[in-house]
Amino acid sequence: EAQVTQNPRYLITVTGKKLTVTCSQNMNHEYMSWYRQDPGLGLRQIYYSMNVEVTDKGDVPEGYKVSRKEKRNFPLILESPSPNQTSLYFCASRNRGQPQHFGDGTRLSIL
Amino acid sequence: GESVGLHLPTLSVQEGDNSIINCAYSNSASDYFIWYKQESGKGPQFIIDIRSNMDKRQGQRVTVLLNKTVKHLSLQIAATQPGDSAVYFCAEISVYNFNKFYFGSGTKLNVKP
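Our subject in this report is the structure included herewith. Note that the structure is predicted; figures quoted are calculated from it, not measured.

Points about the overall build of chain A
Here is step 1: Tallying secondary structure elements over chain A gives zero helices and 11 strands in all.
Here is step 2: Relative to the 2.2 N^0.38 estimate, which gives 13 Å for 111 residues, the radius of gyration of chain A is 13 Å and therefore close to what a compact globule would have.
Here is step 3: Overall, chain A is about 40 × 25 × 25 Å in size when its C-alpha atoms are taken along their principal axes.
Here is step 4: For chain A, with 111 residues in total, the buried portion stands at 50%.
Here is step 5: Within chain A, counting contacts between residues at least 6 apart in sequence, those at least 24 apart form 52% of the total.
Here is step 6: Within the structure as shown, chain A displays about 5,400 Å² of accessible surface, and the carbon and sulfur contribution to it stands at 49%.
Here is step 7: A distance of 2 Å separates the average location of the 14 positive side-chain charges in chain A from that of its 10 negative side-chain charges.

Have a look at this one:
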């Protein structure tokens, strides 16, 4: 089954404790993105990747890092999480000119 | 930057009626538009898309209309069913950067049985 898989689905952690949210897709898609979703603001793009070792900032990249060492994986790294990063996060993948496929989301709570 | 918005944050319809969800966009350079459906606890799911060289596209029970003159996009759902209850987003992609998607905040559709 074609899918985008995020882990963990839920995480409660504390300020400053580094965390990584993994994202994996099995569709051989070139493009992958991370979004955060906050009430009233819609989905906002954090980072995106056009292929292995090619990444670029989206609209809200501050406080986040990403890497794309393999085509299928695109982890999101919070080196020093802060409470304003409490949000619902989505990973997505697609091929050029095609709509995105989204994962089911990761709800992060940073205390 | 670009902005994508929705006219109605909540829409309630009777089962069997047709639904129309609207979206206004601000970037006249946008080339590609997508409607997504998001059910509770899940990620957005692709419904239908349309490119700027078209003004209408039909899918199964759904139709997207694009009016570039007034920068308006709409999603029409025929014979709305309880399973259509969800939040619907429009997204636009600029011709200058196909990697950046801009999403509206969403409209919640409630289908009353």
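Still more to cover.
Focus: a nonpolar patch on the surface
Residue and element names in this part refer to chain A.
Here is step 1: A grouping of I12, V14 and L111 is seen on the molecular surface, where their side chains present a nonpolar patch of about 330 Å² in accessible area.
Here is step 2: When you line up the elements, V14 lands in the loop between β2 (10-13) and β3 (19-25).
Here is step 3: Residue class for V14 comes out partly exposed when judged on its relative accessible area of 44%.

So, the state of the cysteines
Residue and element names in this part refer to chain A.
Here is step 1: Evaluation of the coordinates by the stated rule reveals two disulfides over all chains.
Here is step 2: The disulfide partner of C23 is C91, and the S-S distance across this bridge is 1.9 Å. Across the S-S bond linking C23 and C91, the dihedral sits near -75 degrees, which makes this disulfide left-handed. Here C23, found in strand β3, pairs with C91, found in strand β9 (residues 87-94); they are 68 residues apart in sequence, far enough to count as distant.

A few points about the pattern of salt bridges
Here is step 1: Going through the model one piece at a time under the given rule, you end up with seven salt bridges over all chains.
Here is step 2: The salt bridge partner of E79 of chain A is K65 of chain A, with a shortest N-O separation of 2.9 Å. With E79 of chain A in the loop between β8 (76-78) and β9 and K65 of chain A in strand β7 (residues 65-66), the pair connects residues that are 14 residues apart, well separated along the chain.
Here is step 3: Of the charged contacts, one joins R61 of chain B and D84 of chain B as a salt bridge, the two residues approaching to 2.9 Å between their closest N and O atoms. Of this pair, R61 of chain B sits in the loop between β6 (56-58) and β7 (62-67) while D84 of chain B sits in the loop between β8 (72-77) and β9 (86-94), and the two are 23 residues apart along the sequence.
Here is step 4: Residue R61 of chain B is classed as partly exposed on the basis of its relative accessible area, which comes to 30%.

Considering the interface of chain A and chain B
Here is step 1: Counting from both sides, the interface comprises 24 residues of chain A and, opposite them, 21 residues of chain B.
Here is step 2: With both chains or domains summed, chain A and chain B bury close to 1,600 Å², and 50% of this area falls on carbon and sulfur atoms.
Here is step 3: If you sort the residues of chain A by the area they bury against chain B, L43, P99 and F102 of chain A come out on top, with a joint share of 26%.
Here is step 4: One can count one salt bridge joining chain A with chain B.
Here is step 5: Close ionic contact of D59 of chain A with K100 of chain B constitutes a salt bridge, the shortest N to O distance being 3.3 Å.

Looking at the sheet that holds β7 of chain A
Residue and element names in this part refer to chain A.
Here is step 1: As summarised here, the arrangement of the four strands in space is β1-β3-β8-β7, forming an open sheet in which the pairing is antiparallel. Single-partner strands in this sheet number two, and they are β1 (4-7) and β7.
Here is step 2: Where β7 lies against β8, two bridges are found, and the strand directions are antiparallel. When the sheet's bridge partners are listed, K65 is paired in β8 with I77.

How each quantity is defined
Residues numbered from 1 in each chain as written. Chains lettered and ligands numbered in written order. Predicted model: local features only at pLDDT ≥ 70, side-chain atom pairs only at ≥ 80, totals over all residues. Heavy atoms only, no water. Helix = DSSP H or I, 4+ residues; strand = E, 2+ residues; numbered from the N terminus. Rg over C-alpha atoms; globule rule 2.2 N^0.38 Å. Buried < 20%, exposed > 50% of the residue type's maximum accessible area, 1.4 Å probe, protein only. Contact = heavy atoms within 4.5 Å. Areas by Shrake-Rupley, 256 points an atom, 1.4 Å probe, with all protein chains shown as cover. Lys, Arg positive; Asp, Glu negative; His and termini not counted. Charge placed at Lys NZ, Arg CZ, Asp CG, Glu CD. Patch = residues over 30% accessible without salt bridge, like charges linked within 9 Å, V, L, I, M, F, W, Y side chains within 5 Å. Salt bridge = Lys/Arg side-chain N within 4 Å of Asp/Glu carboxyl O. Disulfide = S-S within 2.5 Å. Buried area = accessible area lost by both parts, 1.4 Å probe. Pairing = 2+ DSSP bridges.

None of this, on its own, says anything about what the molecule does.
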